[in-house]
Amino acid sequence: MSPGSLGIEIQTDLGEQLVTQNVGEEIFSFAARIFPICRSITGDGVRRTLREIGSRVALEMREVPTGTAVFDWTIPREWNIRDAYIRDGDGAKVVDFAKSNLQVMSYSIPVRKRLSLAELKKHVHTLPEQPDLIPYRTSYYAEDWAFCMTQRQLEALRDETYEAVIDSSLEDGFLTYGEYLHEGETDDEFLLSAHVCHPSLANDNCSGVALLTELARRMIGLKTRYSYRFLFAPGTIGAIAWLARNEEASGRIKHGLVVSMVGDGGGPTYKKSRRGDSAIDRVVTHVLRHSGLTPTIEDFSPYGYDERQYCSPGFNLPVGLFQRSKHGTIPQYHTSADNLSFIKPEHLLESYSVIARTIDIIENDGAYCNTIPKCEPQLGRRGLYRSIGGKKDIAIENMAMLWVLNLSDGAHSLLDIAERSDLPFEVIRRVAQVLQAHGLLTSCATGAAS
Amino acid sequence: MSPGSLGIEIQTDLGEQLVTQNVGEEIFSFAARIFPICRSITGDGVRRTLREIGSRVALEMREVPTGTAVFDWTIPREWNIRDAYIRDGDGAKVVDFAKSNLQVMSYSIPVRKRLSLAELKKHVHTLPEQPDLIPYRTSYYAEDWAFCMTQRQLEALRDETYEAVIDSSLEDGFLTYGEYLHEGETDDEFLLSAHVCHPSLANDNCSGVALLTELARRMIGLKTRYSYRFLFAPGTIGAIAWLARNEEASGRIKHGLVVSMVGDGGGPTYKKSRRGDSAIDRVVTHVLRHSGLTPTIEDFSPYGYDERQYCSPGFNLPVGLFQRSKHGTIPQYHTSADNLSFIKPEHLLESYSVIARTIDIIENDGAYCNTIPKCEPQLGRRGLYRSIGGKKDIAIENMAMLWVLNLSDGAHSLLDIAERSDLPFEVIRRVAQVLQAHGLLTSCATGAAS
Amino acid sequence: MSPGSLGIEIQTDLGEQLVTQNVGEEIFSFAARIFPICRSITGDGVRRTLREIGSRVALEMREVPTGTAVFDWTIPREWNIRDAYIRDGDGAKVVDFAKSNLQVMSYSIPVRKRLSLAELKKHVHTLPEQPDLIPYRTSYYAEDWAFCMTQRQLEALRDETYEAVIDSSLEDGFLTYGEYLHEGETDDEFLLSAHVCHPSLANDNCSGVALLTELARRMIGLKTRYSYRFLFAPGTIGAIAWLARNEEASGRIKHGLVVSMVGDGGGPTYKKSRRGDSAIDRVVTHVLRHSGLTPTIEDFSPYGYDERQYCSPGFNLPVGLFQRSKHGTIPQYHTSADNLSFIKPEHLLESYSVIARTIDIIENDGAYCNTIPKCEPQLGRRGLYRSIGGKKDIAIENMAMLWVLNLSDGAHSLLDIAERSDLPFEVIRRVAQVLQAHGLLTSCATGAAS
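The rules behind each value
- Residues numbered from 1 in each chain as written.
- Chains lettered and ligands numbered in written order.
- Predicted model: local features only at pLDDT ≥ 70, side-chain atom pairs only at ≥ 80, totals over all residues.
- Heavy atoms only, no water.
- Least-squares fit on C-alpha atoms with pLDDT ≥ 70 in both.
- Pairing = 2+ DSSP bridges.
- Helix = DSSP H or I, 4+ residues; strand = E, 2+ residues; numbered from the N terminus.
- Axes fitted to C-alpha atoms, helices over the stretch in contact; angles between N-to-C directions.
- Buried < 20%, exposed > 50% of the residue type's maximum accessible area, 1.4 Å probe, protein only.
- Expected span 1.5 Å × (residues − 1).
- Arc of directions from axis to C-beta.
- Core = buried A, V, L, I, M, F, W, Y, C linked by side-chain atoms within 4.5 Å.
- Domains from an automatic or database assignment.
- Contact = heavy atoms within 4.5 Å.
- Buried area = accessible area lost by both parts, 1.4 Å probe.
- Salt bridge = Lys/Arg side-chain N within 4 Å of Asp/Glu carboxyl O.
- Polar contact = N/O pair within 3.5 Å; in protein donor to acceptor, adjacent residues only side chain to side chain.

(A) View of the relation of the copies chain A and chain B. When chain A is fitted onto chain B, the two copies agree to an RMSD of 0.0 Å after a turn of 120 degrees and an axial shift of 0.0 Å. Taken together, the rotation angle and the small translation identify this as a three-fold axis. No C-alpha of chain A lies nearer the rotation axis than that of Asp277(A), which sits 13 Å from it.

Now the structure itself:
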């Protein structure tokens, strides 16, 4: 792991291959590439985005036809949009979809009509308290149309007749999502899920899509214990469609993360799974506590992203939500200020490193047995301990060794030991490897993550 | 529930019938009516008080003869008092029972003698640090007599000969208590207990007696799950007598509250039952946390009111203590300052509302099952959710619906959900009713309160 | 217990015999007596120290031959030292072992050579940040030699040729430890262990050795429930040797304390056993919370004194560590400033009192049954309660009686009641004795300490 990330090196093969100094730049670059695309919960924007991901990993695209029942829901008609604008009396475009896809409410039905300012205002969304920002609005399940604009744009409109044009279509088609499986030694899966339904919002969620794409790409060829399922799907309906089509297979998911809004400098924020004490909850909490950042760990609540579906009572999967700033708590949220200048390569690198370290712990946790459980083994004789006694300070590695030896009774995993000693898992694991090499530790069971 | 109470309406039939704006005034009015009566642990003062209650609800009066063994105790002789005074050398009454019944120590034996100031002082109680207040004193189980007076009264006495007269009687008779049972659908009981042994102390406990009388009166005709037993008995010996005569029946008590000192503006204070995690403990804690007041929740301790008996190890009933200011912590406690100006209708209304909401939760808690447990049901389609997505704020009702759906797996009661979501039970219950009406929720078990 | 100790008297026979006002002085006096001896992990310094202890109690000295395998360790060669010095070019002794045994690194091999200042410096330890103090250094398991001196001594050395002489021997011999068993009614043991391997360091650990010697002496003739094993052994290797030779017998240890650094005015500090909830952990925590001192209670960690061995996973004995200032946290630690002026009789008395009260609780805890469990017994009738009701304050003894009666259901020991009521064990036990004398309590089981 690069020195620029979280200060602690992952010294496993896995960690070294996953994290390099340029990861943040590469994630940013891909986020910038998919930023302009006008995505919604269905339509060609999603397909174009998935094709971009597919150019990096062997993504499988799935198409679910309009009208398909998925649990309590029905796949809606497919929405596509070509152009939209408002022209004033002089024929000038005062609002233009070509300049920002946020200016049309997502799923707006086709419209071509002339109307007064008063009539137009019934179909306009603004943010009066953030007068320079365009809000992001949708109306997936109620047929409607609207333009979104800045409060200043609205206030500049004279009282005249306008032409409003939305060249969209809402027709039978498909809902599209993509998935990529990195196969590990076992069928047990680690789900990594990002929503791909938002248009030009950089943090929410070009950042998450790009981060997972880069992670999937870097895992290619890596030997892992778990299989890793990357899911790029429209929010809510996409996750529901996936769960409906993989109801039985979802039982293989042993750990999972929903990844969104990972490019800003806030947080980080982790919301625990509904179970609250899953391995994923403990591992991410541990990684964040030792990240040097100022994390917030929240209990599960049923509002947020697709963890809502994964953690619905009929599934109750061990899936948490990882973000930087918590959704809805920052002024940029769901506005035109969530653009490429809001996300930074260094924050993307930090977020990526958190996930890479989480994977590293999930892969490498395990319980060991001290082979000399009665009294301490003589570490000095083995060159494992400073030989001049009496010094006041004791190095962290010495402490870690003592903790591992003391608690390795088969009942405590390395993560347990890391938590109880308040030392980073990486240090605990490193000394466990050293102790194992010296015959002082033997593997005796799998850890909390199993 | 009236807007003037705790801010949250109880929208159940029960709640609406129990609480109206004028409850506080009615409780105050009844407290004022019984305030002048000179009560003690036996005697006609108790009987008069119980007759006043009986004029409002069909109270059954019980008489337990002097000498009856009740566990480790024996019903004492009955005490009655007609008059008492101290006359100075000029024949002037310097202390007069007719003006305040606090001026004679309760259970004082008859006295009619002339004595010096020095001799008199051996039979005088004052509060030197509160020189304008008369203390409240008793000597139930040691034969004695004394006058209670203000420190200033004492200091004004000249060194002369006084005549001390206490025209009381201590004779074989009865201990009297009253009980009223509101019969519900089941024999399981909710005990509401107030002590009726204190003379003219408004808060301690005319307030509790009046509150429970009004509650009992308003429950007439109400259909409830539990039966509600209202017990008006002298402190300690009265509760012991009731328990001795109802040893087996006490097993029906599933919830209980001792109610005292509920008219001042302090607290509120709730002291948990000895069990510490009874339904009553959880419910009152929940109600108080959402009351807008500044409650104190205390663990059980064996000093206080009749919860001492209900929570003795041989009974260990789930009975807590509800008060405003905690007994013994305020300067008015057990003094002549605990008069009618110390209690207020608005505080009585608040206290009453806490108990009414407690009953409402105990009656209405239950566990439900989400009928669509896999992924979320589509609330928008049913008109249960705002249809324009993307807005930053989410209404409390939406959150409550999501919580109820997410946790209604049969293992979580509505109270569990209210606690975990930190939302008021009333909101949780209201949305549960809505969800049930839409077929999204079915009753599957009873809740924590059962 | 003397008024000068912890404010609360131990009123049991045990407590009165153990603690008198002069205990602190006697412990100090013995610590001063053994302070000058040059101890190490083997050799005559340990034997001389044990003989001093043996002059007070019937200590049994054990000799373990060099080369004996004790778990992962081997008893090292025996080290003895007669003299050591550094002479400058003028023949003046610039460093002299005869003045302070700290000036030679413990276990230094024999040396007699002339060397330059530069060569000498390779064999010198100082404390540059504490330039007036000599550090304490050892090299038990790596053959080496060195002098320890103050930074000022080092800086005063001119660039000339020195003669360095260490007249020591490192030869096959023995490791020596001593143990004394106070036999109680049962074979269950309370282990009290102090390390005897440090040279002239007063607090670390002449204080601990002297405290336990005095405790053992005062227990002679005392009838106790437990047997008390006092172990005086070199740190680490001594405890390991004892455990290796008493592997099966160690199972008798039901409680234990490692005692070190008990003469300074810091702390007190208690580090819990690895189990974390042993009786010893609860009892010492209780004693310290009610000591009037400012204690720190720490969770177990595998770095410290011989609790490392007792709490190794193969033994996992309920042994904690009691100290005043925590090792390694004060500037005097392992330096020449840890001399007799650093320890004080009053602190030794406090430390001794903590241990005496711990023993008193361990000996006297037990669970009782309230003989009148239904409602409260009438305490007033038995003269156990103030007879004039209504006073605002209630004495601590009254509260203690109510707690004992309320919780004495056979499931709560006196220690449980002391913890829950937040009252000192001594008060709880005293009222339990009174209640038992009145037939209100019967012994029904042994307590948490059993």
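After that view, the rundown keeps rolling.
(B) The arrangement of the sheet that holds strand 4 (residues 78–87) of chain A in detail. Residues and elements named next belong to chain A. Strand order in the open sheet formed by four strands is 5-4-9-6, with antiparallel pairing between adjacent strands. Where the open sheet ends on each side, the last strands, each with one partner, are strand 5 (93–96) and strand 6 (111–116). Looking at each pair of strands side by side, their axes are set apart by 20 degrees on average, direction ignored. With nine bridges connecting them, strand 4 and strand 9 (residues 161–171) associate as antiparallel partners. Counted as the bridge partner of Asp83 is Asp167 from strand 9.

(C) Quick peek at the pairing of strand 17 (residues 366–370) of chain A. Residues and elements named next belong to chain A. Across the five residues that make up strand 17, a large majority, four, are buried. Summarising the sheet, strand 17 and strand 18 (residues 409–413) pair through two bridges and their orientation is antiparallel. Bridge pairing in strand 18 links Ala367 to Ser413.

(D) Here's a closer look at helix 2 (residues 23–34) of chain A. All names here are of chain A. Between its first and last C-alpha, helix 2 extends 17 Å over 12 residues, near the 16 Å set by a 1.5 Å rise per residue. Every buried residue of helix 2 is accounted for by Val23, Gly24, Ile27, Phe30, Ala31 and Ile34. Across the axial projection of helix 2, the buried residues extend over an arc of 135 degrees, all falling on one side.

(E) Highlighting the nonpolar core. Residue and element names in this part refer to chain A. By size, the foremost hydrophobic cluster in this structure holds 82 residues, and its most contacted members are Leu215, Phe230, Phe232 and Leu257. Looking at which domains feed residues into this core, each of domain 1 (13–75 + 174–363) and domain 3 (366–446) supplies at least three. Excluding anything up to four places from it in sequence, Leu257 contacts Phe190, Leu191, Leu192, Ser193, Tyr270, Ile280, Val284, Val319, Gly320, Phe322 and Ile355.

(F) Structural context of the interface of chain B and chain C. Counting from both sides, the interface comprises 34 residues of chain B and, opposite them, 28 residues of chain C. When the two sides are added together, the surface that chain B and chain C hide from each other amounts to roughly 2,500 Å², 52% of it contributed by carbon and sulfur. For the chain B face of the interface with chain C, the top three residues by lost area are Asp72(B), Pro302(B) and Tyr303(B), together amounting to 26%. Our enumeration of links across chain B and chain C arrives at five salt bridges. Note that Asp72(B) and Arg381(C) form a salt bridge whose closest N and O atoms lie 3.0 Å from each other. For the pair chain B and chain C, the interface holds 14 residue pairs in polar contact (both at pLDDT 80 or more). At the level of elements, strand 3 (73–74), helix 7 (237–245) and helix 9 (307–310) of chain B are the ones that each hand at least two residues to the side of chain B that touches chain C.

(G) The domain arrangement of chain A, seen in detail. Residues and elements named next belong to chain A. On domain assignment, one finds that chain A holds domain 1 (13–75 + 174–363), domain 2 (80–170) and domain 3 (366–446). Using only C-alpha atoms to locate each centre, domain 1 and domain 3 end up separated by 35 Å. Listed by partner, the interface residues are eight residues for domain 1 and 10 residues for domain 3. Taken together, the two surfaces of domain 1 and domain 3 that pack against each other cover about 900 Å², and 47% of this comes from carbon and sulfur. When the buried surface of domain 1 facing domain 3 is broken down by residue, Arg282, His286 and Ile361 rank first, second and third, together holding 53% of it. At the junction of domain 1 and domain 3, the tally comes to four salt bridges. Residue Arg282 is joined to Glu419 by a salt bridge in which the shortest nitrogen-to-oxygen separation is 2.7 Å. On inspection of domain 1 and its partner domain 3, the count reaches five residue pairs in polar contact (both at pLDDT 80 or more). Put simply, the parts of the chain that give the side of domain 1 that touches domain 3 at least two residues each are helix 8 (279–289) and helix 10 (345–364). For the side of domain 1 that touches domain 3, the leading source of residues is helix 8, giving four residues.

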